[in-house]
Amino acid sequence: MCQINTDPMKSQVGFLEVVVPPDILDYQTSTDMVVREGTNVTLRCAATGSPRPSIVWRREDGEQIPMVGNTEVSSIEGSVFNITRVNRLHMGAYLCIASNGVPPTVSKRIMLIVHFPPMIWIQNQLVGAYEGQEMTLECHSEAYPKSINYWTTDKGEIIAQGDKYEPILQDNAYKVYMKLTIRSVGPSDFGSYKCVSKNSLGDTDGSIKLYQIPHPSTPARLPATTAQPSPDTEGGLGVAGASSGSGGGKGAATEKKLKGAKKERNHSHETNEIMDDSETEVMRERDLKLRGRPNDRSSYRPGDGSDNGSAGRFLDHVIIIMAPSILLINWRLSWLRSMPWPHQVPP
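Residues numbered from 1 in each chain as written. Predicted model: local features only at pLDDT ≥ 70, side-chain atom pairs only at ≥ 80, totals over all residues. Heavy atoms only, no water.

Draft legend 1. The side chain of H90, seen in detail. With respect to the helices and strands, the residue H90 is situated in the loop between β11 (80-83) and β12 (92-99). Excluding its chain neighbours within four sequence positions, the residues that come into contact with H90 are R59, P66, I83, R85 and L112. (Helix = DSSP H or I, 4+ residues; strand = E, 2+ residues; numbered from the N terminus. Contact = heavy atoms within 4.5 Å.)

Written out as structure tokens, the structure reads:
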């Protein structure tokens, strides 16, 4: 208070507030913790300052914090952070951040380590391969403390790096990705393989069976075929197409018969033409003998003045009138010889 001795006296009262930045108390704050999976964990953080600082918990990597009921949060407020049934997803570094509006804000890093025995996941337990193929088997393992991982055959022999096999391990925190590459698979490579994971808390393994499949072959290309139209018969008839199933067999047989019939008709038609020419030649020779003329078609002229009177002219007229009828009869006889019985005589 400030006072002036006057009449009347004057005085002034003032208030002084001292602010103190936050400070985390190490002896009351949790340190790095190692716990077994499934236990309950409590993290504490104590801080002083003026005004009284507030405390917030966050993950150092910025990831969400798993909570009960499959929920996730980005931060937890309060000096005490309780985790029920901790699991491997909770493992990591946490920051206890204290602030009261007076700079600077302070934080402390607390590492939570969760121990658990090895576990293995296999995506494909049956894998097929053909001889000569390069095949890769895959296996996923989780364990902490870090595990020892290797591959074995079905006889228990450990598979080492070599020209035939190439085991590869890729680890990330408590996760391990195991691969086994088999170069040029042979008959002796088919069988079971095991991926094994061991640590101080236990061991486990997973089995993958490699079985033989036929070697893929390029299918032969069939030649492109187009349906050929069936030939028409002499009477204007033809085969439109072969039906599927049993009808297809009948259609093929019918088409074959029609083709054979056509060949016979063509042959008989040529024969008819030859027979017609020969029979015409015989008729002319007979006529020349009756008329007493030489066998010369170039000199044969019906009605020529060199014949013997009226008898020759009468014979010429008879031959000219009867020739068409004789030719028609010969053509019908030839046609009847070429056709199978029974048949109808064409008009």
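Draft legend 2. Structural detail: the sheet that holds strand β14 (residues 126-129). The 4 strands lie next to each other as β14-β20-β19-β16, forming an open sheet whose pairing is mixed. Across the chains shown, the open sheet's two edge strands, defined by having one partner strand only, are β14 and β16 (148-153). Each strand axis lies, on average, 25 degrees off the axis of its neighbour in the sheet, ignoring direction. Of the strand pairs in this sheet, β14 and strand β20 (residues 202-212) are connected by 4 bridges, and their pairing is parallel. (Pairing = 2+ DSSP bridges. Axes fitted to C-alpha atoms, helices over the stretch in contact; angles between N-to-C directions.)

Draft legend 3. Focus on the nonpolar core. Counting residues in hydrophobic clusters, the biggest one holds 23 residues, and the most contacted among them are V41, I55, W57, F81, V86, L112 and V114. Put simply, the parts of the chain that give this core at least two residues each are β5 (41-44), β7 (54-59), β11, β12 and β13 (106-121). It is β13 that provides the largest number of residues to this core, a total of 5 residues. Every residue in contact with F81, bar those within four places of it in the chain, is listed here: V41, T42, L43, W57, I65, I76 and Y94. Residues L137, C139, I159 and V185 belong to the second largest nonpolar core, which totals 20 residues. (Core = buried A, V, L, I, M, F, W, Y, C linked by side-chain atoms within 4.5 Å. Buried < 20%, exposed > 50% of the residue type's maximum accessible area, 1.4 Å probe, protein only.)

Draft legend 4. How the structure looks around the pattern of salt bridges. A complete count under the given rule lists 8 salt bridges for this structure. With a shortest N-O distance of 3.0 Å, R88 and E37 are connected by a salt bridge. Placement of R88 in the loop between β11 and β12 and of E37 in the loop between β4 (33-36) and β5 is noted, with a sequence separation of 51 residues between them. Overall, E37 belongs to the partly exposed group, its relative accessible area being 29%. Notably, a salt bridge pairs D61 with R59, separated by 3.7 Å at the nearest N-O pair. Three or more residues are tied together by salt bridges with common partners; here these are E37, R88 and E142. (Salt bridge = Lys/Arg side-chain N within 4 Å of Asp/Glu carboxyl O.)

Draft legend 5. Just the packing of aromatic side chains, in detail. The final tally for this structure, using the stated rule, is 3 aromatic pairs. Measuring from ring centre to ring centre gives 6.0 Å for W57 and F81, while their planes differ by 40 degrees; the resulting arrangement is tilted. One end of the pair, W57, is in strand β7; the other, F81, is in strand β11, and 24 residues separate them in sequence. Residue W57 shares its accessibility class with F81, and that shared class is buried. (Phe/Tyr/Trp six-rings, centres within 6.5 Å; stacked < 30°, edge-to-face > 60°.)

Draft legend 6. View of the state of the cysteines. Taken as a whole and judged by the stated rule, the model has 2 disulfides. Through a disulfide, C45 is tied to C96; the S-S separation comes to 1.5 Å. For the disulfide bridge between C45 and C96, the dihedral angle about the S-S bond is near -75 degrees, and by the sign convention the bridge is left-handed. Placement of C45 in the loop between β5 and β6 (46-50) and of C96 in strand β12 is noted, with a sequence separation of 51 residues between them. Of the two residues, C45 and C96, neither departs from the other in class, the shared state being buried. Disulfide pairing places C139 opposite C195 at an S-S distance of 2.1 Å. Taking the sign of the S-S torsion, about 60 degrees here, the bridge from C139 to C195 comes out right-handed. With C139 in strand β15 (residues 135-144) and C195 in strand β19 (residues 191-199), this pair connects stretches of sequence that are 56 residues apart. Owing to a relative accessible area of 0%, C139 belongs among the buried residues under this scheme. (Disulfide = S-S within 2.5 Å.)

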